[in-house]
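Residue strings, one per chain:
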Amino acid sequence: MAYDVARIRSEFPSLESGWAHFDGPGGTQAPRAVGDAVASVLTGPLSNRGTIGMSEERAEAAVHGFRLAMADLVNGHPRGIVHGRSATQLTYDFSRLLTREWGPGDEIVVTRLDHDANVRPWVQSAARAGATVRWVDFDPETGELATDAVSAALSDRTRLVAVTAASNLIGTMPDIPAIAAAVHEAGALLYVDGVHYTAHELPDVAALGADFFTCSPYKFLGPHCGVLAARPELLETLMPDKLLPATNIVPERFEFGTLPYELLAGVTAAVDVLSGLDPDAADAAESRRDRLAASYAALHAHEDALRTRLEEGLAGLQGVTLWSRAARRTPTLLATFAGHAASDLTHALAAGRVLAPSGNFYALEASRHLGLGDAGGLRMGLAPYTDAADVGRLLDGLAAALAG
Ligand SMILES: Cc1ncc(COP(=O)(O)O)c(C=O)c1O
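Everything quoted here is computed from the prediction, not taken from an experiment.

## Describing the nonpolar core
Among the nonpolar cores identified, the biggest contains 73 residues, and Met-70, Leu-73, Leu-190 and Phe-213 are the most heavily contacted of them. The leading source of residues in this core is helix H3 (residues 53–74), at nine residues. With residues up to four places along the chain from it excluded, the contact list for Leu-190 reads Val-161, Val-163, Ile-176, Ile-179, Ala-180, Val-183, His-184, Gly-209, Ala-210, Asp-211 and Phe-212.

The structure is reproduced here in structure tokens:
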């Protein structure tokens, strides 16, 4: 495998700042190609979508390219790709829509592992409908969300289960296909938060069994927006409130107002960069999906090696508790240190231009369930551009801060 991290880093102008970025789970740095794509669509001839002249065609092409790229990334259908301002906005929209006909007696299942973006919209919509919320806990000792725990919350009244494919706080990746089988057996829908997952794992919405799957391109080298993927036939069954002259077709009926063409082009560019992370495999692969598969495999190997190094280094630090423990997890590590507030360590690291933020990162229920309250811990996330020198600087910086 030819994962050339030096080459990859050279594609990120922001890394010239000298900062070591471990804040990828909050949002990654963006490569030059993404910025160029945004600028080129925005400052090239650009009008509303249409067929009259270059400017309309470029808007049309940006939308079309985005749907194809995201369909490749999630292994979905281009007509099932919905753009939104953020995953939070999309989940709020879809939670209101999906619960519209619910009433007392209907049930929804949410988890304490999830980011609040896949919890609160459901809790609030369920309350409005008079529906019952069932909570599923993860094991704070192991960080695991057991499939059995989800199954135990299901009944013939369950309408929907909202669960994360990967925790943005401790990296846990629940067994989504097994959960999907149980959810579908109960006759319910599965709404999967893939925001953190997609930064590290190549999604396959069909294999996951997700009826709805959200992700956010700014977590995987792209611009700030959100995407929801679903089967077009399922989207056809949902009718949001919309403007009278606006189209009724899917997926456009879920996208309100004029689309941000330049951001859509940036998303396409991000998917193309991801598909080229391993140029050797990429050259040999037939389709973009194949290239993505090869590149994610190379990314995995790279991130696994760095994660092992980071975990070994952290284990040797004074007073450390590492909360990322699940058998299947992303390279996102949450740690606390006896006698030191995580936020103090973040500031100490920043003095050496190492960015590792601290907090609960909106995984509020998870942070509280771990016993970390609202303060959370220090989160260190690996990204495609992280290298061994970054990891060394992080470990050295922590050792110095803990000694000081
Ligand atoms: C797991 C997870 N879900 C949802 C979100 C919210 O995403 P967005 O900012 O696109 O609303 C985040 C953002 O941090 C996240 O990490």
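## Overview of the sheet that holds strand S3 (residues 107–111)
In spatial order, the strands read S2-S8-S7-S6-S5-S3-S4; together these seven strands make up an open sheet with mixed pairing. The open sheet terminates on both sides in strands that have one partner only, identified here as strand S2 (81–84) and strand S4 (132–136). Along the sheet, successive strands turn relative to each other by an average axial angle of 20°, direction set aside. One ladder, built from four bridges, connects strand S7 (residues 212–215) with strand S8 (residues 226–230); its direction is antiparallel. Across the sheet, the residue bridging to Phe-212 is Ala-230, located in S8. Strands S3, S4, strand S5 (158–164) and strand S6 (189–193) of the sheet are contacted by helix H5 (residues 120–129), whose axis makes an angle of about 150° with S4.

## What to know about the sheet that holds strand S9 (residues 320–322)
An order of S9-S10-S13-S12 is seen for the four strands of this open sheet, with the pairing classed as antiparallel. The open sheet terminates on both sides in strands that have one partner only, identified here as S9 and strand S12 (358–359). One ladder, built from four bridges, connects strand S10 (residues 332–337) with strand S13 (residues 377–381); its direction is antiparallel. Residue pairing in the sheet places Leu-334 in a bridge with Arg-379 of S13. Sitting on the sheet, helix H13 (residues 342–351) is in contact with S10, S12 and S13, with an inclination near 45° to S13.

What counts and what doesn't
- Once a new chain begins, its residue numbering starts again from 1 and follows that chain's sequence as written.
- Given that this is a predicted model, residues contribute local features only at a pLDDT of at least 70 and side-chain atom pairs are listed and counted only at 80 or more, while totals for whole chains, interfaces and linings are drawn from all residues.
- Excluding hydrogens and water, the side-chain figures rest on all heavy atoms present in the structure.
- Take the buried residues of types Ala, Val, Leu, Ile, Met, Phe, Trp, Tyr and Cys, join any two whose side-chain atoms come within 4.5 Å, and each joined set is a nonpolar core.
- The classification of residues rests on relative accessible area computed with a 1.4 Å probe and restricted to protein chains. Under 20% of the type maximum is buried, over 50% is exposed, and intermediate values are partly exposed.
- Comment: elements are numbered from the N terminus, with helices defined as DSSP H or I runs of at least four residues and strands as E runs of at least two.
- Contacts are residue-level and defined by heavy atoms, with any inter-residue pair within 4.5 Å sufficient.
- If DSSP finds at least two bridges between two strands, the strands pair.
- To obtain an axis, a line is fitted to C-alpha atoms, over the contacting stretch when the element is a helix, and the angle between two such axes runs from 0 to 180 degrees between their N-to-C directions.

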